[in-house]
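Topology and contacts: notes
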Amino acid sequence: MAETSAPVKGTRPDGADTEADASRKVREMFTEIAPRYDLLNHLLSLQLDRLWRARAAKHLQSIFFGPEIRVVEHKPVHVRRETLVLDLCCGTGDLAIALNRRYWARVIGVDFAHSMLVRARKKSARQHSPDLVQLRPIRFIEADALRLPFASESFDLVTSAFGFRNLANYEAGLREIQRVLKPGGTIAILEFTEPLDGRLGDLYRWYFCKVLPKIGGLISGDRSAYTYLPKSVARFFLPPELAALMSAVGYSSVDYRVWTFGTVAFHTALRPK
């Protein structure tokens, strides 16, 4: 794992000079594109966004089951833990819903774009149809990721899928997550990254920088949001850089794995006990 210093402090959309400007512009963009956000995510990622979230949820399985084993119908079964999860920058709730459905966890989703949470609540409500097995309801809360309305040491797991990159201050975000994690708790960040130079990297950058903004702008009606997307990824950390920052903030057992030809990275770490 390369030891690399952090090259950026936080996202900066065009015209944003301060953290307050950046937060306001990002909120405005996501408020504008919320009605077509899910459609565009699935379309522009070629449905891979569903796979990435499901894969992340699967990799977190050990957090939801304790080391104790019981024998049920002559088969060993891992005992479920009572796990409290915070899904940060949850958007329309896809990862929160995936974790809730897969593990029956107590999940809270947080985002600062009200229109995104409206859609998240509607999607979550479908999981509670009388015809389906009843899951624990997900709470969705409107709040700033840098100033969370939770007591210290509240959560066993804090996740963020494709939202951490949009924070106005990355180090402050990691420290706030560390504050609300229980000692020994896990942070998991799923984010876009850029593949290395070469034919695949060139193809990725052509699609991400040329094709995606045009399609996204046309369908969403907000060209600025999908021009911002590739710029925000290019400005964001490479996996070793984010891992180095997590270590510098004080996390332990920092690790990452890169998926889909180097286009997505899944980072995990622990708050020391």
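A brief look at the structure comes next. (Residues numbered from 1 in each chain as written. Predicted model: local features only at pLDDT ≥ 70, side-chain atom pairs only at ≥ 80, totals over all residues. Heavy atoms only, no water.)

This paragraph deals with unusual backbone geometry. Glycine aside, negative phi is the norm for most residues, and most peptide bonds take the trans geometry. You will see that Q47, though not glycine, has its phi angle at about 70 degrees, which is positive. One non-glycine residue, F162, lies in positive phi territory at about 60 degrees. One can find F162 in the loop between β6 (155-161) and α7 (170-180). (Helix = DSSP H or I, 4+ residues; strand = E, 2+ residues; numbered from the N terminus.)

Our next topic: the pairing of strand β7 (residues 181-192). When you tally the buried positions in β7, you get 9 out of 12 residues, the bulk of the element. As judged from the 6 bridges shared by β6 and β7, these two strands associate in the parallel manner. Among the inter-strand pairings, L157 is bridged to a residue of β7, identified as T186. Bridge count between β7 and strand β9 (residues 264-270): 7 bridges; the pairing is antiparallel. Its bridge partner lying in β9, F192 is registered against V264. (Buried < 20%, exposed > 50% of the residue type's maximum accessible area, 1.4 Å probe, protein only. Pairing = 2+ DSSP bridges.)

Inspection of the sheet shows strand β8 (residues 252-259) paired to β9 by 6 bridges, in the antiparallel sense. Bridge assignment links W259 to a residue of β9, and that residue is V264.

This paragraph deals with the environment of L95. Take L95: it is sitting in helix α5 (residues 94-103). Taking the C-alpha atoms as reference points, L95 and S160, separated by 65 residues in sequence, lie 8.1 Å from one another. Among residues more than four places away in sequence, those in contact with L95 are R53, D87, T159 and A161. (Contact = heavy atoms within 4.5 Å.)

Right, let's get into the packing of aromatic side chains. Tallied over the entire structure, the rule returns 14 aromatic pairs. Summarising the aromatic geometry, the rings of W259 and F266 are spaced 5.4 Å apart at their centres and angled 20 degrees between planes, so their arrangement reads as stacked. Residue W259 shares its accessibility class with F266, and that shared class is buried. Linked through ring pairs, W52, F162, F192, Y204 and F208 together constitute an aromatic cluster. (Phe/Tyr/Trp six-rings, centres within 6.5 Å; stacked < 30°, edge-to-face > 60°.)

Take the side chain of T159 next. Position of T159 among the secondary structure elements: in strand β6. In contact with T159, not counting residues within four places along its chain, are L60, L86, D87, L88, L95, L99 and A188.

Scanning the model with the defined rule gives 14 salt bridges in all. Put simply, D94 and K123 hold a salt bridge, and the shortest N to O gap is 2.7 Å. With D94 in helix α5 and K123 in helix α6 (residues 114-125), this pair connects stretches of sequence that are 29 residues apart. Classification of K123 by relative accessible area gives buried; the value is 12%. Across the pair E191 and R165 runs a salt bridge, and its minimum N-O distance is 2.7 Å. Highlighted residues: E191 in strand β7 and R165 in the loop between β6 and α7, separated in sequence by 26 residues. For E191, a relative accessible area of 1% gives the class buried. Its relative accessible area of 2% is what places R165 among the buried residues. Several salt bridges converge on common partners, so that one network encompasses D21, R24 and E28. (Salt bridge = Lys/Arg side-chain N within 4 Å of Asp/Glu carboxyl O.)

What follows deals with the packing of helix α8 (residues 199-220) against helix α9 (residues 223-235). Between α8 and α9, the least distance of the axes is 7 Å, while the angle of their chain directions is 155 degrees. As summarised for this structure, α8 and α9 are arranged roughly antiparallel, according to the angle between their axes. Considering only the axes of α8 and α9, their crossing is right-handed. Residues Y204, F208, C209, L212, P213, K214, G216, G217 and S220 of α8 lie in contact with α9, whose contacting residues are R223, Y226, T227, L229, P230 and V233. Taken together, the residues that form the contact of α8 with α9 break down as 9 nonpolar, 4 polar and 2 charged. (Axes fitted to C-alpha atoms, helices over the stretch in contact; angles between N-to-C directions. Parallel < 35°, antiparallel > 145°, perpendicular 65-115°, else oblique. Left-handed = near helix turned anticlockwise from the far one by under 90°. Nonpolar A, V, L, I, M, F, W, Y, C, P; charged D, E, K, R; others polar.)

Nothing here speaks to function; it is all geometry.
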